[in-house]
Amino acid sequence: MNPRAAGTAACAALPAELALLVCWVAGVRLPLPLLLAGEVLMLTALTLEFCVLYRLYAAARRTGSGRRDALRDALRAAVPVVVRRLLAHEVRALHSLGMWVLRRRHQVPEGALAVRYTGPQTATLCGLALVSLVETALLALVIPWPLVHAVLLVLGVYGVLLVLGLHAACVTRPHVVDPDGSLRVRYGGLFDLRVPAATVAAARIERRHCEGRPVQLHPDGALDIGVGGQTTVTVELTQPTGFVRPLGGRGLVRTLRFHADDPRTAVAALTRGRTGPSPSPGPPG
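K.L.:
If you had to explain the sheet that holds strand β5 (residues 200–209) to someone new, which residues and values would you point to?
P.N.:
Read from one edge to the other, the open sheet built from 5 strands follows the order β5-β8-β9-β7-β6, with strand pairing classed as mixed. Taken across any chain shown, the strands that pair with only one partner, and hence form the sheet edges, are β5 and β6 (215–217). Going across the sheet, the axis of each strand differs from the next one's by a mean of 35 degrees, ignoring polarity. Relative to strand β9 (residues 250–258), strand β7 (residues 222–225) runs parallel, the two sharing 4 bridges. Opposite Ile 225, over in β9, you have Phe 258 as the bridge partner.

This is the structure:
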């Protein structure tokens, strides 16, 4: 069986199983044939996925790959890239919570400038976390079934942790300007683009409004990494540079626009790194 087809079947069966579980918890009486069909569908999809994974794992092992590499290659071949990316984003968000508590930053070299960009979204994300927490508490009071209380509590707490994790990822993963003028633009654990110093043609302060998703590629090759619907720094590139979208798609950027809480310092660091330090005056004659 095609590995992608098996992964797609398993991903399609999970929502159906979840819907049946919610109906059962809520007390909805479902016909027995429907319940049996749902369980058979889920069991079949998981069995196919396991068989495909094992076949790919065994083939990789026969070629001399180690256990860890073989398992990684099997998962890459069988699990759709969108599912892998979403799971990776959640893991990074939860990991960032621990880094946030410990006041650590992710991969900011010594001597590099860490450029913060969370200013416009801090109040929004904190408000969203508070609303999610209140909503979870209210639903637990309104719904009378204890099992539903437990399910909603777990889902609600996990949702609050993900919102806080998104903010923590943005705090612990700032943009980075290295001393040589190379640039690393990030948006939490969702987006990461490295631009070598030789590719940076010019940088300037430019405040622009952007709507929609945080990562947007325009037809002219301009890429917006917006925070709170705005960008403050524009970087012109000497050549198109490839990047990976949050869900695994790829694109080419020619002009990069991103938000920095302190755009003046960011542009100064990019310009200084690109042009090099000013020569020191020689000894008096």
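K.L.:
Any chance you could break down the sheet that holds strand β1 (residues 113–115) for me, citing the residues and the numbers?
P.N.:
Pairing within the open sheet is antiparallel, and its 4 strands lie in the order β1-β2-β3-β4. Here the strands that pair on one side only, and so sit at the sheet edges, are β1 and β4 (191–195). Neighbour-to-neighbour, the strand axes of this sheet turn through a mean angle of 15 degrees, independent of strand direction. In this structure, β1 lies alongside strand β2 (residues 175–177), joined through 3 bridges in antiparallel fashion. By the bridge assignment for β2, Leu 113 is matched with Val 177.

K.L.:
Got a sec to walk through the side chain of His 106? Specific residues and values, please.
P.N.:
Turning to its location among the elements, His 106 is positioned in the loop between α4 (81–101) and β1. Its relative accessible area of 18% is what places His 106 among the buried residues. The contacts of His 106, once residues within four sequence positions are left out, are Met 99, Thr 172, Arg 173, Arg 184 and Arg 186.

K.L.:
Quick rundown of the environment of Thr 231? Include the residues and the values.
P.N.:
By the secondary structure assignment, Thr 231 is in strand β8 (residues 230–244). Placed 21 residues apart in sequence, Thr 231 and Cys 210 show a C-alpha to C-alpha distance of 7.3 Å. Among residues more than four places away in sequence, those in contact with Thr 231 are Glu 206, Arg 207, Arg 208, Cys 210, Ile 225, Gly 226, Arg 257, Phe 258 and His 259.

K.L.:
Talk me through the nonpolar core; I want residue IDs and the actual numbers.
P.N.:
Core analysis: the largest hydrophobic core is formed by 28 residues, its most contacted members being Leu 183, Leu 223, Ile 225, Val 235, Leu 256 and Phe 258. Going through the elements one at a time, β3 (183–187), β4, β5, β7, β8, β9 and α7 (263–275) are the ones with two or more residues in this core. If we ignore the near neighbours within four places in the chain, the residues touching Leu 183 are Val 176, Val 177, Leu 193, Arg 194, Val 195, Val 235, Leu 256, Phe 258 and Leu 270.

K.L.:
Residues and numbers for α4, please.
P.N.:
Given 3.6 residues per helical turn, the α-helix brings residues three or four places apart onto the same face. Its 21 residues give α4 an end-to-end C-alpha distance of 30 Å, which sits within 8% of 30 Å, the value for a rise of 1.5 Å per residue. Every buried residue of α4 is listed here: His 89, Ala 93, Ser 96, Leu 97 and Met 99. Along α4, the residues classed as buried sweep out an arc of 165 degrees about the axis, all on the same side. Residues of α4 that are exposed and point over 90 degrees away from its buried face: Leu 87, Val 91 and Val 101. Backbone geometry just after α4 places Arg 103 at a positive phi near 60 degrees.

K.L.:
So what's going on with the environment of Tyr 158? Which residues, and what values?
P.N.:
With respect to the secondary-structure elements, Tyr 158 resides in helix α6 (residues 146–172). With a relative accessible area of 33%, Tyr 158 lands in the partly exposed category. Between the alpha carbons of Tyr 158 and Ser 132 there is a distance of 10.0 Å; along the sequence they are 26 residues apart. Those residues in contact with Tyr 158, other than ones at most four positions away along the chain, are Glu 90 and Leu 94.

What counts as what
- Residue numbers restart at each chain and count upward from 1, following the sequence in its written direction.
- For this predicted model, a pLDDT threshold of at least 70 governs which residues receive local features, and a threshold of 80 or more governs which side-chain atom pairs are given and counted, while totals over whole chains, interfaces and linings are taken from all residues.
- Side-chain measures were taken over the full set of non-hydrogen atoms in the model, leaving aside hydrogen atoms and water.
- For two strands to be treated as a pair, DSSP must find at least two bridges joining them.
- Runs of H or I in DSSP of at least four residues are treated as helices and runs of E of at least two as strands, each being numbered from the N terminus.
- Interaxial angles span 0 to 180 degrees and are taken between N-to-C directions of axes, which are lines fitted to C-alpha atoms, for helices over the stretch in contact.
- The cut-offs for exposure are 20% and 50% of the maximum accessible area for each residue type, with area from a 1.4 Å probe on protein chains only; residues under the lower value are buried, those over the upper are exposed, and the others partly exposed.
- The contact criterion used throughout is that any non-hydrogen atoms of two residues lie within 4.5 Å.
- Working definition of a nonpolar core: buried Ala, Val, Leu, Ile, Met, Phe, Trp, Tyr and Cys residues. They are joined through side-chain atoms within 4.5 Å.
- Residue count minus one, scaled by 1.5 Å, sets the expected span of a helix.
- Note: the arc covers the axis-to-C-beta directions of the helix.

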